[in-house]
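Below, each chain spelled out in residue letters.
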Amino acid sequence: MVTIEEATDPVGPSTLRRLAAAWPRRATVRTDMDEVTGPQEYDPELLDYPVALMPFGEHPDFRDAPEGKRRTVNTLGWLAYNERVVAAEEFVVNPTFEKLGHAVYPGVDRFEVKEIVRQSHIDEVWHTYMHMLGMQRTRDARGITAEPDCGHPVTNRLLYEAQEAAGERWEADLLYLLWTTVGEVSVNAFLDLMARDTTVQPLHATIARLHARDESAHGPVMIEVMKDVFVNLSRRQQDFFVASLPAGIKAFCAEDFDWWLKVLRFAGIPKARDIIEDSRGGQHAELLVTDFTGILRMLRELGVENRVDFDFEGSAASGATGRTA
Ligand SMILES: [Fe+2]
Ligand SMILES: [Fe+2]
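Quick summary incoming for the structure in this document. Here the structure is a predicted model, which means the values were calculated and not measured. (Residues numbered from 1 in each chain as written. Chains lettered and ligands numbered in written order. Predicted model: local features only at pLDDT ≥ 70, side-chain atom pairs only at ≥ 80, totals over all residues. Heavy atoms only, no water.)

Donor atoms from the polypeptide that bind the iron ion (ligand 1) are E89 (OE), E124 (OE), H127 (ND1), H211 (NE2) and E215 (OE), placed at 2.1 to 2.3 Å. The sequence pattern formed by the donor residues of the iron ion (ligand 1) is E-x34-E-x2-H-x83-H-x3-E. (Donors = N, O, S within 2.8 Å, 3.2 Å for Na, K, Ca; no water.)

Structural data, given as structure tokens:
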């Protein structure tokens, strides 16, 4: 099994070969399916989603709301967390893996790259299925029969906006690759928010933990792929990629306040808009994910770490990890 420690070694072609060779033993779809598909206990007293990850969890108007409504928000928060993962995989990462397989990007025609991209693609489809199962388990256990229509999560919305603003096909293709790379090197920071939590249903933490194990390989894979692509881009394409990095980083890490507002209203929480507006900025940053380790490593490997206009230190100091439960 590839550990996170191994994944911090310098990335290179031998890393890809090693990761590809270990996939049949490492992939959770092969080794851990029973943990998710088998019978599971559900403790209705436990939360579905950590209060510490709700940006308004300590807001007085939210705390004053009836407990039943607050619990509905909590359950919908867990469903939204999964929706965000699934939407990224289905609409951003997998389309990018398909583009990589179809030689849309230069520099990725080696077999070892194609092989590991296919392996990672299989992992992603399994992850979507795994999160789907987790969501359905929750709906059944909580008797959820209706959910708000929140549209696409913030990470996807911002990609579609950037794509529309860009206009040209090659720009759109690079934006998909950028969003995927940032996501793949950062998704464990997102999953770890749940994987280590002991206040929620054990299955919910298990799903995040299993998913994170596969992703500890995907991060190094995407860094290596990105290095191969980047050196083969034209100067203009490289500049576009670097200039778009801050938008991609913000999109992946953003807290989704628009989504939360719809959830609060759907649950019938009074003063929903006030609660959300008070929770923006201030002590709680606009970011849900503030661990930039993977991103910084990727920027270093590409040699562009000094060209990216993003306040990593300031953002890390004021994010979700600073929230109180
Ligand atoms: Fe995944
Ligand atoms: Fe992944």
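Read on, since the account is not over.
Another aspect to go through is the coordination of the iron ion (ligand 2). Six octahedral donors at a metal ideally form angles of 90 or 180 degrees, and four tetrahedral donors ideally form angles of 109.5 degrees. Protein coordination of the iron ion (ligand 2) is provided by E124 (OE), E184 (OE), E184 (OE), E215 (OE), E215 (OE) and H218 (ND1), with donor distances spanning 1.9 to 2.7 Å. In this structure, the iron ion (ligand 2) is coordinated by 6 donor atoms arranged in irregular fashion, with angles at the metal of 52 to 159 degrees. (Tetrahedral: all angles 85-135°; square planar, octahedral: opposite > 155°, others 65-115°.)

To continue, consider the side chain of D48. Position of D48 relative to the elements: it lies in the loop between α4 (33-37) and α5 (60-64). When its relative accessible area of 0% is taken as the criterion, D48 is described as buried. For D48, the contacting residues outside a window of four places in its chain are Y42, N74, T75, W78, T138, R142, M194, V200, Q201 and H204. (Helix = DSSP H or I, 4+ residues; strand = E, 2+ residues; numbered from the N terminus. Buried < 20%, exposed > 50% of the residue type's maximum accessible area, 1.4 Å probe, protein only. Contact = heavy atoms within 4.5 Å.)

Next up on the list: a nonpolar patch on the surface. Among the surface-exposed residues, M33, Y129 and M132 lie close enough to one another that they form a single nonpolar patch of about 270 Å² accessible area. The topology assignment puts M132 in helix α7 (residues 111-142). Accessibility expressed as a relative area gives 46% for M132, which makes it partly exposed. (Patch = residues over 30% accessible without salt bridge, like charges linked within 9 Å, V, L, I, M, F, W, Y side chains within 5 Å. Areas by Shrake-Rupley, 256 points an atom, 1.4 Å probe, with all protein chains shown as cover. Salt bridge = Lys/Arg side-chain N within 4 Å of Asp/Glu carboxyl O.)

Right, let's get into the nonpolar core. By size, the foremost hydrophobic cluster in this structure holds 88 residues, and its most contacted members are F56, V73, L100, V225, L245, I249 and L264. Formed by 6 residues, the second largest nonpolar core is a distinct cluster that contains V36, L203, I207 and L210. (Core = buried A, V, L, I, M, F, W, Y, C linked by side-chain atoms within 4.5 Å.)

A few words on the environment of L264. Within the secondary structure, L264 is located in helix α12 (residues 257-267). Sequence separation of L264 and L296 is 32 residues, and the distance between their C-alpha atoms is 35 Å. Not counting chain neighbours up to four residues away, the residues in contact with L264 comprise F56, F62, V73, I269, A272, I275 and I276.

Between helix α6 (residues 67-101) and α7, the shortest axis-to-axis distance is 9 Å and the interhelical angle comes to 160 degrees. Here α6 is positioned roughly antiparallel relative to α7, judged by the angle of their axes. Considering how the two elements wind past one another, α6 and α7 form a crossing that is left-handed. Taken together, the residues of the contact of α6 with α7 break down into 10 nonpolar, 11 polar and 9 charged. (Axes fitted to C-alpha atoms, helices over the stretch in contact; angles between N-to-C directions. Parallel < 35°, antiparallel > 145°, perpendicular 65-115°, else oblique. Left-handed = near helix turned anticlockwise from the far one by under 90°. Nonpolar A, V, L, I, M, F, W, Y, C, P; charged D, E, K, R; others polar.)

For the rest of this paragraph, the subject is the environment of P39. With respect to the helices and strands, P39 occurs in the loop between α4 and α5. Accessibility expressed as a relative area gives 85% for P39, which makes it exposed. Each C-alpha atom, one on P39 and one on K114, is 36 Å from the other, the two residues being 75 residues apart in sequence.

All told, the structure shown has 13 aromatic pairs when counted by the stated rule. Ring geometry for F56 against W260: centres 5.0 Å apart, planes inclined by 85 degrees, an arrangement best described as edge-to-face. On the criterion of sequence distance, the pair formed by F56 in the loop between α4 and α5 and W260 in helix α12 is long-range, its members being 204 residues apart. Relative to F190, the ring of Y81 lies with its centre 4.5 Å away and its plane at 10 degrees, an arrangement referred to as stacked. With a gap of 109 residues between them, Y81 in helix α6 and F190 in helix α9 (residues 169-195) connect regions that are remote in the sequence. Taken individually, Y81 and F190 each receive the classification buried, so the pair is uniform in this respect. (Phe/Tyr/Trp six-rings, centres within 6.5 Å; stacked < 30°, edge-to-face > 60°.)

Nothing here speaks to function; it is geometry throughout.
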